[in-house]
Amino acid sequence: MKPMMSTPPRTDIAQTNTEPMIQLRDLEKCYKTKAGFTYVLRQINLDINAGEFITIMGPSGAGKSTLLSILGMYDHTWEGEFLFLDHPVRRLGAKERALLNKHYVGFVFQQFHLLDDLTVAENLDIPLSYRDIRKSEREALVADVLDRFNIVGKKDLYPSQLSGGQQQLVAVARAIIAKPKLLLADEPTGNLHTDQGREIMELFKKLNQEGTTIIQVTHSETNATYGQRIVRLKDGWMEK
Amino acid sequence: MFFMKKLSSILHRLRSLGQRRTAKQEIDEELRFHIEQRTAENIAAGMTPEDAAREARKRFGNVQSVREECRETRGAGFGEATLQDIRFGLRMLRKNPGFTAVAVLTLALGIGANTAIFSLLNAILLRPLPLREPERLVWISNPIPGYGLPGLTRRSNLLDWRELTHSFESLGAYIGFADRISYTLTGRGEPKRLEGALVTGSFLATLGAAPGLGRGFLAEECQRNGPLAIILTDRFWRGQFQADAGIVGKYLTINNKSWTVVGVLPPSFDFSSTFIPGARSVDFLCPLRDVPGYENWGNMMAVVGRLKSGVTVAAAQAELDVLNAQLQKAHPERGMFGSQVMALRERIGGSFRRQFLVLAGAAATVLLIACANLSNLLLARAVARRKEMAVRVALGADRRRLIRQLLIESLLLSGLGALLGLPVAYLATNAFAQSQAFSIPLLQSARVDLPALSFTLLVAVAAALIFGMAPALQLSQATPEEGLRDAGRGTSSGRSRLRLRRGLIVSEVAMTCALLIAAGLLMRSFSRLLEVHLGFRPAQAAAWRIAPNRAFANHQEESAFYRELLDRVRALPGVESATLGATLPLELNDIVRVHLVGAPSPPANMPGIFLREVGGIDYFKTMGIPLRSGRDFGSHDAGSSPKAIVVNESLARTMWPGRDAVGQALVLEAPPDPPVDCRVIAVVGDVRQSALEQAAGPEMYMMDWGGRELIVRTSQALQATVPAVRAALREFNPGMATDEFKPLEQIIDRVTSPRRLVARLLALFSTLALLLAAVGIYGVLAGSVNQRTHEIGIRLALGSTRGAVMRLVLKEGMSLAFVGCFIGVLGALALNRAMQGLLFGVSPSDPLTIGLSALLLLGVATVACWLPARRAARVDPMVALRHE
Ligand SMILES: Nc1ncnc2c1ncn2[C@@H]1O[C@H](COP(=O)(O)OP(=O)(O)OP(=O)(O)O)[C@@H](O)[C@H]1O
Ligand SMILES: [Mg+2]
């Protein structure tokens, strides 16, 4: 939202604020399947401070995406405790969760989830329009981001007309366009050329320096080096 | 019922949407609460209040400014976001051209039909008469048949009412048999027969219908030897004089006399379609130049009144009842009479209320069925759109925003449907309005006007809400967690969606079934009506409206003229027989009273007797009325005394039960003239006189040379004889207009026209409904087969026969059809009371109609089920299994 964008960079928050932005206590997640209960996350205890840049790593099926969607407050069927800026997420209703998400979170989905019937520019515009931002301002932001990601030429194309990597770029651009305080990125560079991947990582680094808290999932050790801390997951358990 | 429960929960949700505080307010409050709490904690930890508050605000962001920003942008955002939704909605419609075409087309038909019916209903029932303060206008009819025309009032009574009542500001009348007076316009090309309406001088003033051009009649023009004046109707003025405003003050030669055109009626006031729908339209009004001799005509005044302000219909009725009792005592020579006061608007069109309400109901049902179909299609598409919605929610869309977006898509569909439906409605309405075929009052004034357009808008919005709400609510429930995982497809919600879709199919089948039954009953009534034994043979016979347009020196000369005319026509090749008559059956007929010689008053239970004046020999032969006993009229019966009369079986039975009527004597009352002695020379079959639905009452025939109707029966095709007859007439009397010729079958058409209209429209609507229901069933089953391809593949792979697969699908569809049919039959039986008054010769629970309708519906449903079933049976198990 505008005030969030117009307020000065929030590096100070990271310094002055010692209380974590995210606190997970004994978080457990299981799916009920025909075979019975399958645990996907076990006893996750994790504190993430505002301003941190965290990398989650682990083999396929370890539960990384699951954890990320819990952090994004999309998923609420879990056990344990999750405080988001001191909000007890468990006790929030769907609406409040959605609002917290809308206020704070930008999300890069592993499967991109671009809207097929919207052009690239419109896909970028969507988060802004749901945040009731004025049209003129939105247009400026979209133009800015298109330019930053070097996809101005693609702005009127539909996702189906893009390559996988280009789709991923749009997905990342869409996640950061509303200037979220918390950026959750699920393998944001999986489909990209190394140079492009590095550019994204540089962008993340810059955003982080400007105060954005970032949690990324990646299989790339190089990408992991951009973060300050690595959380390793295996079969739902946190290592260490 | 499941569907109803769903509906009420939808309605509940709709209400609560409006009432609930916005989520934004809630979260703001919550955030504020946290800030306050945090501040308190900070203070407890030893910070100064200012520091504590600053720290807390920092952690939670500046809520206040967020709120203000939101409020500031919302106003601007709403319209703009709506535009965005519209743009996206249009794109979605373009993207699915097949779906869009089907949806828009069905909606166009549904909305068009509703607009058309509304336009008719509005003209016939709702729209106030285009007259000054129309709510004060009343119609005063005479419920007691006496001497003259049924329902009308004699001159002396009108004069007394005018004099002695206090309820009315004014009373006026037109003459009920005005169409029996012939007018011929000459001096402007071919002689042209005109239709004139005789009205009292006060008629137009009473109605409050001021001429659009010129003036009303002056008092002197209503006097016996006053100047001859006429007022033209708008239609005639436009047709004959090309709307020449200079016509006022000019003279027209009518019946060889010179008449001044003093005015032209406004286009809004159509005398014919208001008072005498279906009859030949009136060309001009002329004042009844009141003379006491008119008293001899008996009941002839169709009386309208303008109530004084504040006077009710009931009060006027009560006053007239008292007055009539006194008048009857004081003037026994006027015979029996009464009066019945009703609102003029009720009299005009009121009798068609039930028909048009049924039609409106049918049109609404068709639209509802179309909506059910669309809802179904949208629900089917909703499966594919769940992911889109989930992503939108994940990106921050709130529920209201999604519902708005989805409803806008529905509104676009119905808007396009309305746009396309309007021309349909416009054409249909104009076709009905311009058609002279239906004797329904004010039908000709039906137009797709502003109220109709507003109605269309309303219907379009309502339709969009009806078909769009359930899918929108369902889709807007999308949550990110279920939609974002590609594999995650909630099976339970899928099942409830299927239940909703099946519920929709059942309800649309039920509605279709009820509609089919209603249409079936009306069509059967109609065909029953056509099977009615008329008592005469309309086929191969036609009537010419003739007017000699000349004066006769005496009665002999006149008789000779008509005798000669008949002889000439009869001599034409192809003419089997010809005769003359004053009126035709099923048109306005005179009513008289009779009594037996020596019994001074008619039997108390004796209804009025229809009197038909026969104008030449061979009448019964030409009309095809069977002679039961006695002999046909001969030339010598014209001036005979006692008057030779022919009675029908009904009258013979009433007057002389068990005896031969031929040779009996009868006295015909003709107040205020002395009674006439009559002798029965023959008994003929009964003829339906006033309506096909009504059994014939007592009838009698008298003969005198002359008449306005030349009736010709031909031995060859009717049309082939027409030119010869016209030529003969013109040669015989060049001044006679001969253009008006009508097959007798047309009379039947005219009296059955309202029923025909309703039956045909209902048949049309039920056909549409049937089609829509078939499409609906097909759509749901095809979708279900598509979804189950994998399952069907497994079944086939496991050894199921194709027949079994086909039966499986057929069973799924037909069970819905059967349940719907059953409910529809029950519904039709429950609604039969509304239909009762519209039916003729068939019971509302007629098992044949119900059975046939259900059978037709189930047959169509079978076809609709069979196509997807066949597709299911053709599934290649290998392909189906590989693709999942
Ligand atoms: N709807 C579901 N029902 C049952 N199990 C599920 C469901 N969704 C995910 N899982 C299981 O949860 C586990 C964790 O999945 P998740 O997507 O979090 O893995 P991941 O670590 O992101 O893997 P990847 O690196 O391949 O993206 C997997 O074993 C998966 O099978
Ligand atoms: Mg993953």
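Residues numbered from 1 in each chain as written. Chains lettered and ligands numbered in written order. Predicted model: local features only at pLDDT ≥ 70, side-chain atom pairs only at ≥ 80, totals over all residues. Heavy atoms only, no water.

1. Quick notes on the overall build of chain A
The number of helices and strands found in chain A is 9 helices and 10 strands. Relative to the compact-globule value of 18 Å for 240 residues, chain A shows a C-alpha radius of gyration of 18 Å, a close match. Each principal axis of the C-alpha distribution contributes one length, and for chain A these read about 50 × 40 × 35 Å. A total of 240 residues make up chain A; the buried ones form 57% of that total. Sequence-distant contacts in chain A: of pairs separated by 6 or more residues, those separated by 24 or more amount to 71%. (Helix = DSSP H or I, 4+ residues; strand = E, 2+ residues; numbered from the N terminus. Rg over C-alpha atoms; globule rule 2.2 N^0.38 Å. Buried < 20%, exposed > 50% of the residue type's maximum accessible area, 1.4 Å probe, protein only. Contact = heavy atoms within 4.5 Å.)

2. Re the overall build of chain B
When helices and strands are tallied, chain B shows 25 helices and 24 strands. Here the C-alpha atoms of chain B give a radius of gyration of 37 Å, more than 25% beyond the 29 Å that 2.2 N^0.38 yields for 884 residues. The dimensions of chain B, computed from C-alpha atoms along their principal axes, are 125 × 75 × 55 Å. Residues classed as buried in chain B amount to 55% of the 884 residues present. Total accessible area computed for chain B in this model is approximately 37,600 Å², and 60% of it derives from carbon and sulfur atoms. Across chain B, the 100 positively charged side chains and the 74 negatively charged ones have centroids separated by 8 Å. (Areas by Shrake-Rupley, 256 points an atom, 1.4 Å probe, with all protein chains shown as cover. Lys, Arg positive; Asp, Glu negative; His and termini not counted. Charge placed at Lys NZ, Arg CZ, Asp CG, Glu CD.)

3. As for the coordination of the magnesium ion (ligand 2)
Each donor-metal-donor angle would ideally measure 109.5 degrees in four-coordinate tetrahedral geometry, or 90 or 180 degrees in six-coordinate octahedral geometry. Around the magnesium ion (ligand 2), the protein contributes the donor atoms S65 of chain A (OG) and Q110 of chain A (OE1), at 1.9 to 2.1 Å from the metal centre. Taken together, the positions of S65 of chain A in helix α3 (residues 64-71) and Q110 of chain A in the loop between β6 (105-108) and α5 (120-129) put the pair 45 residues apart, joining distant regions of the chain. (Donors = N, O, S within 2.8 Å, 3.2 Å for Na, K, Ca; no water.)

4. Here's the deal with the nonpolar core
Residues and elements named next belong to chain B. Ranked by internal contacts, the top residues of the largest apolar core, which has 76 residues, are I124, F356, L359, I440, L522, L762 and F765. Among the secondary structure elements, those contributing two or more residues to this core are α5 (97-126), α12 (353-394), α13 (399-434), α16 (491-531), α21 (744-787), α22 (789-797), α23 (802-836) and α24 (847-873). With 15 residues, α21 is the single largest residue contributor to this core. Leaving out residues up to four positions away in the same chain, F765 has contacts with A113, I117, L359, A362, A363, V366 and L515. Listed in part, the 67 residues of the second largest apolar core include L152, V199, I230 and V282. (Core = buried A, V, L, I, M, F, W, Y, C linked by side-chain atoms within 4.5 Å.)

5. Notes on the site of ligand 1
Inspection of the region around ligand 1 gives 15 residues, with S60, K64, S65, T66 and Q110 of chain A positioned closest. One finds residues of chains A and B in close proximity to ligand 1. Between ligand 1 and the protein, one listed contact pairs an oxygen atom with a side-chain N or O atom of K64 of chain A at 2.7 Å. One nitrogen or oxygen atom from the side chain of Q110 of chain A is found 2.7 Å from an oxygen atom belonging to ligand 1. Here ligand 1, which alone exposes 630 Å², has 67% of that area covered by the protein. Top element by residues in the shell around ligand 1 is α3 of chain A. It accounts for 3 residues. Here the residues of the shell around ligand 1 are counted per class, giving 4 nonpolar, 8 polar and 3 charged. (Near = heavy atom within 4 Å. Polar contact = N/O pair within 3.5 Å; in protein donor to acceptor, adjacent residues only side chain to side chain. Nonpolar A, V, L, I, M, F, W, Y, C, P; charged D, E, K, R; others polar.)

6. Describing the confidence of the model for chain A
When pLDDT is averaged along chain A, the result is 87; 92% of the residues meet or exceed 70. In the model, residues 1-17 of chain A has pLDDT below 50 throughout and makes 30 contacts with residues more than four positions away in sequence or in other chains. (pLDDT = per-residue confidence, 0-100.)

7. Comments concerning the side chain of R91 of chain B
Its place among the elements puts R91 of chain B in helix α4 (residues 63-95). A relative accessible area of 13% means that R91 of chain B is categorised as buried. Those residues in contact with R91 of chain B, other than ones at most four positions away along the chain, are D117, L118, T119, E122 and Y158 of chain A.

8. Some points on the packing of α12 of chain B against α13 of chain B
Residues and elements named next belong to chain B. The contact between α12 and α13 brings their axes to 12 Å, and the two run at 145°. Of the two possible hands of crossing, α12 and α13 adopt the one that is right-handed. Mapping the contact onto sequence places L378, R381, R385, E388, M389, R392 and V393 in α12 and L402, Q405, L406, E409 and S410 in α13. Considering only residue class, the contact of α12 with α13 consists of 5 nonpolar, 2 polar and 5 charged. (Axes fitted to C-alpha atoms, helices over the stretch in contact; angles between N-to-C directions. Left-handed = near helix turned anticlockwise from the far one by under 90°.)

9. Let's talk about the state of the cysteines
Tallying each qualifying case throughout the model produces 0 disulfides over all chains. In this structure C371 of chain B is not part of a disulfide, and its nearest cysteine sulfur, from C513 of chain B, lies 20 Å away. (Disulfide = S-S within 2.5 Å.)

10. Quick look at the packing of aromatic side chains
Residue and element names in this part refer to chain B. Taken as a whole and judged by the stated rule, the model has 29 aromatic pairs over all chains. With a centroid separation of 5.0 Å and 80° between ring planes, the pair formed by Y183 and F284 is classed as edge-to-face. Residue Y183 is located in strand β4 (residues 183-186), and its partner F284 is located in strand β11 (residues 284-287); the two are separated by 101 residues in the primary sequence. With respect to burial, Y183 and F284 carry one shared label: buried. Among the aromatic residues, those joined into a cluster by ring pairs are W139, Y174, F203, F269, F271 and F275. Against the face of F99 rests R381, its NZ or CZ located 4.3 Å from the ring centre. (Phe/Tyr/Trp six-rings, centres within 6.5 Å; stacked < 30°, edge-to-face > 60°. Lys NZ or Arg CZ within 6 Å of the ring centre and 35° of its normal.)

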